[in-house]
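# Geometric and topological summary
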Amino acid sequence: MGSQTVLTKLHQLREQARNHPERVFTTLHHLIDTDFLMEAYRRTRKDAASGVDGVTAASYAENLEANLEDLHNRYKTGRYTAPPVRRVWIEKEDKSQRPIGIPAFEDKILQRAIAMLLGAIYEIDFYDFSYGFRENRSAHGALKSLRDACFETKVSSIIDADVTKFFDNMPHPLIHEILRKRVNDGKIHRFIGKWLNAGVVEKENIHYPDCGSPQGGCISPIIANIFLHHVLDEWYVQEVKPRLKGRSFLIRFADDFILGCENQADGHRVMDVLPKRFSKYGLTVHPEKTKMVRFKWENKHVQQSGNGTFDFLGFTHYWARSRSNNWVIKRQTMRKRQARAMRNLFIYCRNNKHEPIKEQHKQLCSKLHGLYNYYGIICNYRLLLMLYEHTKACWRRWLGRRTRDGDISYEKFEKFLSHWELPRPRITKAV
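Notes on the structure in this doc start here. Model, not experiment: these values are computed from the prediction.

## Focus on the overall build of the protein
- Looking only at helices and strands, the protein features 15 helices and 11 strands.
- Burial analysis of the protein (431 residues in total) assigns 48% to the buried set.
- Taking the intrachain contacts of the protein between residues at least 6 apart in sequence as the baseline, contacts between residues at least 24 apart amount to 71%.
- Counting only carbon and sulfur atoms, one obtains 49% of the accessible surface of the protein, whose full area is about 21,700 Å².
- With 71 positive and 49 negative side-chain charges, the protein shows a separation of 5 Å between the mean positions of the two kinds.

## Some details on the sheet that holds strand β1 (residues 85-91)
- Strand order in the open sheet formed by four strands is β2-β1-β4-β5, with mixed pairing between adjacent strands. One side of each edge strand has no neighbouring strand; the edge strands of this open sheet are β2 (97-102) and β5 (205-207). Along the sheet, successive strands turn relative to each other by an average axial angle of 40°, direction set aside.
- Across three bridges, the pairing between strand β4 (residues 200-202) and β5 is antiparallel. Counted as the bridge partner of Glu202 is Asn205 from β5.

## Quick notes on the pairing of strand β7 (residues 256-261)
- With five of six residues buried, β7 is to be regarded as a mostly interior element.
- Two elements, strand β3 (residues 157-161) and β7, share five bridges in a ladder whose sense is antiparallel. Residue pairing in the sheet places Ile159 in a bridge with Leu259 of β7.
- Pairing of strand β6 (residues 248-253) with β7 involves six bridges; the strand directions are antiparallel. Across the sheet, Arg252 pairs through a bridge with Phe257, a residue of β7.
- Between β6 and β7, which follow one another and run antiparallel, lie two residues, and Ala254 among them has a positive phi close to 55°.

## A word on the packing of helix α2 (residues 34-42) against helix α5 (residues 105-125)
- Across the interface, α2 lies against α5 with an axial gap of 8 Å and an inter-helix angle of 105°. The orientation of α2 relative to α5 falls into the category roughly perpendicular. The segment α2 lies against α5, with Phe36, Leu37, Glu39, Ala40 and Tyr41 engaging Phe105, Ile109, Leu110, Arg112, Ala113, Met116 and Leu117.
- Broken down by class, the residue content of the contact of α2 with α5 amounts to 10 nonpolar, no polar and two charged.

Cut-offs used in this document
Residues numbered from 1 in each chain as written. Predicted model: local features only at pLDDT ≥ 70, side-chain atom pairs only at ≥ 80, totals over all residues. Heavy atoms only, no water. Helix = DSSP H or I, 4+ residues; strand = E, 2+ residues; numbered from the N terminus. Buried < 20%, exposed > 50% of the residue type's maximum accessible area, 1.4 Å probe, protein only. Contact = heavy atoms within 4.5 Å. Areas by Shrake-Rupley, 256 points an atom, 1.4 Å probe, with all protein chains shown as cover. Lys, Arg positive; Asp, Glu negative; His and termini not counted. Charge placed at Lys NZ, Arg CZ, Asp CG, Glu CD. Pairing = 2+ DSSP bridges. Axes fitted to C-alpha atoms, helices over the stretch in contact; angles between N-to-C directions. Parallel < 35°, antiparallel > 145°, perpendicular 65-115°, else oblique. Nonpolar A, V, L, I, M, F, W, Y, C, P; charged D, E, K, R; others polar.

Right, here's the structure in full:
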């Protein structure tokens, strides 16, 4: 019953946003009650790592109703204090480190509740070419739209942009300023301010950043989408696209975006103004990673020459001949992503060689299924097969260390695989 009440509230909010596109919402905070927090709890991941307080989803659920009632009271009276965010680092493809914030579990619930309110309003405002962190949208949808847009616009130039440390550099005052254009509820802004200014704990040290929104929190994705909706999407639709001589398109997934132009001169004009637009909002377009590549549509019977490639969402895009001898856009796993996946599989087999075979088999199957599920798109089978063969080789090598001879023959290992079979590669997405 409570869930249905929450869905009704969100539906009514969406309808108000749709029917009144110019409206500024000034009273939203009263919509969050214990039922709303319960629905936010249901939508919060339960298997994620715990925050600085060490409270897990399981321990919080032991006294769930009382905990949510207490959370609502502190929210309602303004006594809620955002705890610091625990920071960990993960390795990127270029060997650099990306910071990930891990909020406390209770913090995630309240962040999720406010994100639900903001999402109900802004889902109406967001453009169709925005795909990141939105309901019923995915990276594969963005890839399909990108390929279709290249054909529809007869693209000649692709702008492959990279915003330097976007999540770390969003200025807090501008976040609030942009939000107030659509949501001007003082209480909602106060809570967002608490999360933006919450300390970051790293190796027993705590510091308070004056800009950015920590990746990992439930509120950061919706803030990022709102920020870039104003900075990039609206600017492109209202100011850039009408001034271009030829057709163009924009595909954005969070802070990763591709801009394509039919006319090469249009591409150069956009490249000139793009850094200025982002610098106006305290952001920097990476001067080396941002580039314009020739990606020209040609007649299917004409020999391609001089076309470049570009990377987007883990795939390298390039022109190639199809089986019917037509020119088509193909995608394959980025070289760095492929190398990282192979390295991780090798490390797992090496570090877990003494674990029970059943557990190793379960984990390797899970890892391969995950890779196939994302990278299993048309024209990428060869690289999936490479992952499969690499996994077999690594498993044979490190299982061999458990034997007296330190090795397992290929014949013996193939017999072993007949019982502990690894999933073969397959195309899972027709995009």
